[in-house]
Amino acid sequence: MPSVAKGRYRPFWPAVIAEDHPETLHVAVELFEGASAGVDLAVVPVDATAPAKSYAKRLTLQRLHQAGFRERVLRAYRQCCAVCRLRHVELLDAAHILPDTDPRSIPVVPNGLALCKIHHAAYDRHILGVRRDLVIEIRPDVLAEHDGPMLRHGLQAVHGQALLLPKRIDERPDPGFLEERYDAFRRAS
Ligand SMILES: [Zn+2]
């Protein structure tokens, strides 16, 4: 967690501003490989007296929070997709259960799922849903389709399967978050 105390953050480096979108007040920060590895819990204060600078810094920190979120979620799920158990870290994401756009969506492990790229996209597009009892469902119209092996093995075959869970109970998906997201999946079905 980059935030270690109120107004104090754990620095990650080296990092560069990879994209700058002044029209939307948005920047993308790229962390170099291994940026967070072996970094001690040094802290830096956030300068609240310089609004513009502090806003830029806040955006940067948001991105860094996301990087920390990914790290924690993938560790909890033992670097494994919770749906298909794929173990290629470069193909894994930390998906949010309550969507990132929801103001209540916080970067904590119980609001995350380690998913491979295809299952992350399927979850975000409501093609794949996860019930409160941790059973995976595929949208009925997608279940009825006929196509090649990715549809058959990657999506249709996971319907009715149990989600892979973190060993630690306090890192497992929040049932309330799951239910809310599953309701959105059902509405899209
Ligand atoms: Zn997967």
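Residues numbered from 1 in each chain as written. Predicted model: local features only at pLDDT ≥ 70, side-chain atom pairs only at ≥ 80, totals over all residues. Heavy atoms only, no water.

## Some thoughts on the overall build of the protein
Then step 1. For the protein, the count of helices and strands is 5 helices and 9 strands.
Then step 2. Moving toward the C terminus, one meets the helices and strands of the protein in the order β-β-β-β-β-α-β-β-α-β-β-α-α-α.
Then step 3. Expressed as a percentage of its 189 residues, the buried residues of the protein come to 39%.
Then step 4. In the protein, of all internal contacts separated by at least 6 residues, the share reaching a separation of at least 24 is 61%.
Then step 5. As displayed, the protein offers around 11000 Å² of accessible surface, 57% of which is attributable to carbon and sulfur atoms. (Helix = DSSP H or I, 4+ residues; strand = E, 2+ residues; numbered from the N terminus. Buried < 20%, exposed > 50% of the residue type's maximum accessible area, 1.4 Å probe, protein only. Contact = heavy atoms within 4.5 Å. Areas by Shrake-Rupley, 256 points an atom, 1.4 Å probe, with all protein chains shown as cover.)

## Concerning the environment of Ala144
Then step 1. Considering the arrangement of structural elements, one finds Ala144 in the loop between α3 (140-143) and α4 (149-155).
Then step 2. Owing to a relative accessible area of 53%, Ala144 belongs among the exposed residues under this scheme.
Then step 3. Along the backbone, Ala144 and Gln156 are 12 residues apart, and their C-alpha atoms lie at a distance of 8.6 Å.

## Description of the side chain of Asp93
Then step 1. By secondary structure assignment, the location of Asp93 is in strand β6 (residues 92-96).
Then step 2. Owing to a relative accessible area of 15%, Asp93 belongs among the buried residues under this scheme.
Then step 3. Within the structure, Asp93 has its side chain in polar contact with the side chain of His120 (distance 2.8 Å).
Then step 4. In this structure, Asp93 is in contact with Arg70, Leu74, Leu113, Ala114, Leu115, Lys117 and His120, ignoring residues within four places of it in sequence. (Polar contact = N/O pair within 3.5 Å; in protein donor to acceptor, adjacent residues only side chain to side chain.)

## Describing the coordination of the zinc ion
For a metal with four tetrahedral donors the ideal donor-metal-donor angle is 109.5 degrees, while six octahedral donors give ideal angles of 90 or 180 degrees.
Then step 1. Protein coordination at the zinc ion comes from Cys81 (SG), Cys84 (SG), Cys116 (SG) and His119 (ND1), with a distance range of 2.1 to 2.3 Å.
Then step 2. Taken together, the 4 donor atoms surrounding the zinc ion define angles of 95 to 116° at the centre, an arrangement classified as tetrahedral.
Then step 3. We note that the donor set of the zinc ion lies within a single chain, spaced as C-x2-C-x31-C-x2-H. Separated by 38 residues along the polypeptide, Cys81 in the loop between α1 (51-76) and β6 and His119 in helix α2 (residues 117-124) bring together distant segments of the chain. Side by side, Cys81 and His119 carry an identical accessibility label, which is buried. (Donors = N, O, S within 2.8 Å, 3.2 Å for Na, K, Ca; no water. Tetrahedral: all angles 85-135°; square planar, octahedral: opposite > 155°, others 65-115°.)

## Observations regarding helix α5 (residues 175-188)
Then step 1. With 14 residues, α5 extends 20 Å from end C-alpha to end C-alpha; this agrees with the ideal 20 Å at 1.5 Å per step.
Then step 2. Looking at α5, one finds that the buried residues are Phe177, Leu178, Arg181, Tyr182, Ala184 and Phe185. Looking straight down α5, one finds that the buried residues subtend no more than 155° of arc, so they occupy a single side.
Then step 3. For α5, the secondary structure elements touched by its buried residues are β6, α2, β8 (128-130) and β9 (136-138).
Then step 4. Between the side-chain oxygen of the N-cap and the backbone nitrogen of Gly176 there are 2.8 Å, and the N-cap of α5 in question is Asp174. (Expected span 1.5 Å × (residues − 1). Arc of directions from axis to C-beta.)

## Focus: the state of the cysteines
Then step 1. Counted according to the given criterion, the structure contains 0 disulfides.
Then step 2. Just so you know, Cys80 is unpaired, no disulfide at all, and the nearest cysteine sulfur is the one on Cys81, 7.4 Å from it. (Disulfide = S-S within 2.5 Å.)

## A word on the pattern of salt bridges
Then step 1. A full pass over the atoms with the stated rule returns 10 salt bridges.
Then step 2. Put simply, Arg131 and Asp133 hold a salt bridge, and the shortest N to O gap is 2.9 Å.
Then step 3. In this structure, the salt-bridge partner of Glu171 is Arg168, at a minimum N-O distance of 3.9 Å.
Then step 4. Relative accessible area serves as the criterion here: at 49%, Arg168 is assigned to the partly exposed category.
Then step 5. Several salt bridges converge on common partners, so that one network encompasses Asp102, Arg104 and Glu180. (Salt bridge = Lys/Arg side-chain N within 4 Å of Asp/Glu carboxyl O.)

## Observations concerning the nonpolar core
Then step 1. Formed by 33 residues in total, the largest nonpolar core has its most connected members in Val83, Leu113, Leu115, Tyr123 and Leu128.
Then step 2. Listed by contribution, the elements that provide at least two residues to this core are α1, β6, β7 (112-116), α2, β8, β9, α4 and α5.
Then step 3. Both domain 1 (3-76) and domain 2 (89-188) contribute no fewer than three residues apiece to this core. (Core = buried A, V, L, I, M, F, W, Y, C linked by side-chain atoms within 4.5 Å. Domains from an automatic or database assignment.)

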